[in-house]
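# Residue-level structural notes
This is what each chain is made of:
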Amino acid sequence: MQPNSTARILLVFGTRPEAIKMFPLVHALRQQPGLETRVCVTAQHRGLLDQVLEIARISPDIDLDLMQDNQTLDALSARILTQFGAALDATKPDRILVHGDTLTTMMATISAYFRKIPVGHVEAGLRSGNIYSPWPEEVNRKVTGTIADLHFAPTQAAADALRAENVPDSAIHVTGNTVIDALLATRARIEAEPALAAGLDHLATRFAGKRIIAVTSHRRENFGDGMANIARAIGSIADRPDTAVIFPVHPNPAVRPVMEHMLAGRDNVALIDPLDYPHFVRLMTMSTIVLTDSGGVQEEAPSLGKPVLVMRDTTERPEGVAAGTARLVGTDAETIVSGIFTLLDDSNAYSAMTRAHNPYGDGLAAQRIARTIADAHRQ
Ligand code: UDP
């Protein structure tokens with residue numbers, strides 16, 4: 001790129017969590033002079049991605065529309081590599097930006113590398129240390145980190161993990177996690193316009209006076225026995241008359257049929273379709289406890305002062321556990337139930353988890369990243 005010309009930045013993402021975490025950055029980059037910002041979606045997930053794009057008012061410049069039913073990791077990877085490669089040849093950006101740990105992240109990065117186009121990695125440096133948990137995300141993120149030249153680490157621990165892998169200090173920027181930007185902006189929008197999340201009014205009425213547990217679960221490692229255990233745990237929690245479970249069920253065929261088979265028709269359980277982002281933010285706000293195997297939800301709930309029990313054996317987000325806002329409970333039904341009951345019955349244990357501070361960000365991550373990218377392309 002010539003000095004003083006406009007740098008063409010192409011963000012690429014494909015799933016709901018990536019879109020939630022990238023939309024604040026799209027808006028922040030568009031405020032930066034000297035940058036021309038475009039968005040490519042692979043649509044690795046279709047419906048859940050589109051929900052976020054609409055709420056965030058982002059129309060992709062390129063939509064590869066790659067999702068197919070029952071897609072395998074191999075076939076999806078191959079489609080991303082070839083079709084994103086063709087998009088790069090057509091648009092010739094000066095830099096691409098990827099997020100986190102999906103197949104889109106890794107394959108788009110490889111595609112850019114084949115063309116010697118630099119890659120900025122947002123949410124870099126998270127490591128569980130186990131390549132099979134989260135699977136395949138741990139390796140997706142590590143491969144991306146070996147190619148990227150700008151690493152936006154959400155926390156100091158993530159930056160330390162990159163340094164331990166010999167990433168030079170000058171390439172690492174600790175920014176906070178953009179998910180907190182997305183969360184705070186969305187909470188403010190709901191406060192100004194409650195109709196944005198009014199679809200939960202009927203559940204607020206149905207469960208008035210009960211303590212609500214918000215549940216999400218969709219991780220590959222938990223498919224099979226893990227899902228059945230989680231369903232059994234939810235059944236026991238919902239036996240308590242003072243408690244209700246609201247569970248937006250992921251459409252994955254390894255999740256929905258298990259939950260419906262074991263929990264449909266229970267008085268204190270609402271199995272509902274996945275919520276758009278404003279509704280999900282409202283659900284977390286309404287809840288007493290959040291029970292999840294999701295990465296993003298682990299980061300969001302502490303900012304709303306909600307304890308999170310994490311249904312995983314390892315986490316690449318240890319900061320929440322260290323800060324006391326999150327606890328790992330795995331997928332053993334008894335452990336999940338006793339973790340929830342302790343928080344419901346012991347107000348000291350509960351308030352200890354809500355008082356802890358949120359280690360994941362302050363809502364300004366996207367601005368920091370956008371400024372760094374603008375500076376990098378001014379030089
Ligand atoms: N989320 C949502 N609707 C739902 C469940 C979750 O908008 O019904 C949001 C949630 O707030 C978080 C993101 O989706 O920002 C997490 O996505 P997911 O659990 O699919 O992926 P992960 O974070 O584990 O990669």
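In the nomenclature of an unreviewed UniProt entry, the protein chain corresponds to UDP-N-acetylglucosamine 2-epimerase (non-hydrolyzing) from the organism Sphingomonas lacunae. Here the protein chain is described in UniProt, under the heading Catalytic activity (unreviewed entry), as follows: "UDP-N-acetyl-alpha-D-glucosamine = UDP-N-acetyl-alpha-D-mannosamine". You can read under Sequence similarities (unreviewed entry) in the UniProt record for the protein chain the words "Belongs to the UDP-N-acetylglucosamine 2-epimerase family."

### As for the site of the ligand
Close to the ligand lie 15 residues, the nearest being Leu 275, Ser 294, Gly 295, Gly 296 and Glu 300. Residue Ser 294 places a side-chain N or O atom 2.8 Å away from an oxygen atom belonging to the ligand. Within the contact set of the ligand, an oxygen atom lies 2.7 Å away from a backbone nitrogen or oxygen of Gly 296. Protein contact buries 93% of the 540 Å² of open area that the ligand shows by itself. For the shell around the ligand, the element with the most residues is helix H12 (residues 295–300), which contributes 4 residues. Of the residues in the shell around the ligand, the class split is 8 nonpolar, 4 polar and 3 charged.

### Regarding the pairing of strand S9 (residues 243–248)
Burial within S9 is extensive, with 6 of its 6 residues counted as buried. On S9, burial covers both faces: Thr 243, Val 245 and Phe 247 on one face and Ala 244, Ile 246 and Pro 248 on the other are all buried. Taken together, strand S8 (residues 211–216), helix H9 (residues 225–238) and S9 constitute a β-α-β crossover, and its handedness is right-handed. Handedness of the crossover joining S9 and strand S10 (residues 269–272) through helix H10 (residues 256–263) is recorded here as right-handed.

### Some points on the pattern of salt bridges
Counted under the stated rule, the structure contains 29 salt bridges. Note that Lys 21 is salt-bridged to Glu 123, the shortest N-O span being 2.6 Å. Highlighted residues: Lys 21 in helix H1 (residues 16–30) and Glu 123 in the loop between strand S5 (119–122) and helix H5 (137–147), separated in sequence by 102 residues. One exposure class covers both Lys 21 and Glu 123, and it is buried. The salt bridge involving Arg 46 is made with Asp 65; its shortest N-O contact spans 2.8 Å. In this pair, Arg 46 sits in the loop between strand S2 (35–41) and helix H2 (47–56) while Asp 65 sits in the loop between strand S3 (62–63) and helix H3 (73–91), placing the two residues 19 residues apart along the sequence. We classify Asp 65 as partly exposed; its relative accessible area is 47%.

Conventions we followed
Residues numbered from 1 in each chain as written. Predicted model: local features only at pLDDT ≥ 70, side-chain atom pairs only at ≥ 80, totals over all residues. Heavy atoms only, no water. UniProt positions renumbered as here; feature names shortened; annotations may be inferred. Near = heavy atom within 4 Å. Polar contact = N/O pair within 3.5 Å; in protein donor to acceptor, adjacent residues only side chain to side chain. Areas by Shrake-Rupley, 256 points an atom, 1.4 Å probe, with all protein chains shown as cover. Helix = DSSP H or I, 4+ residues; strand = E, 2+ residues; numbered from the N terminus. Nonpolar A, V, L, I, M, F, W, Y, C, P; charged D, E, K, R; others polar. Buried < 20%, exposed > 50% of the residue type's maximum accessible area, 1.4 Å probe, protein only. Right-handed = clockwise from strand over helix to strand, strands pointing away. Salt bridge = Lys/Arg side-chain N within 4 Å of Asp/Glu carboxyl O.

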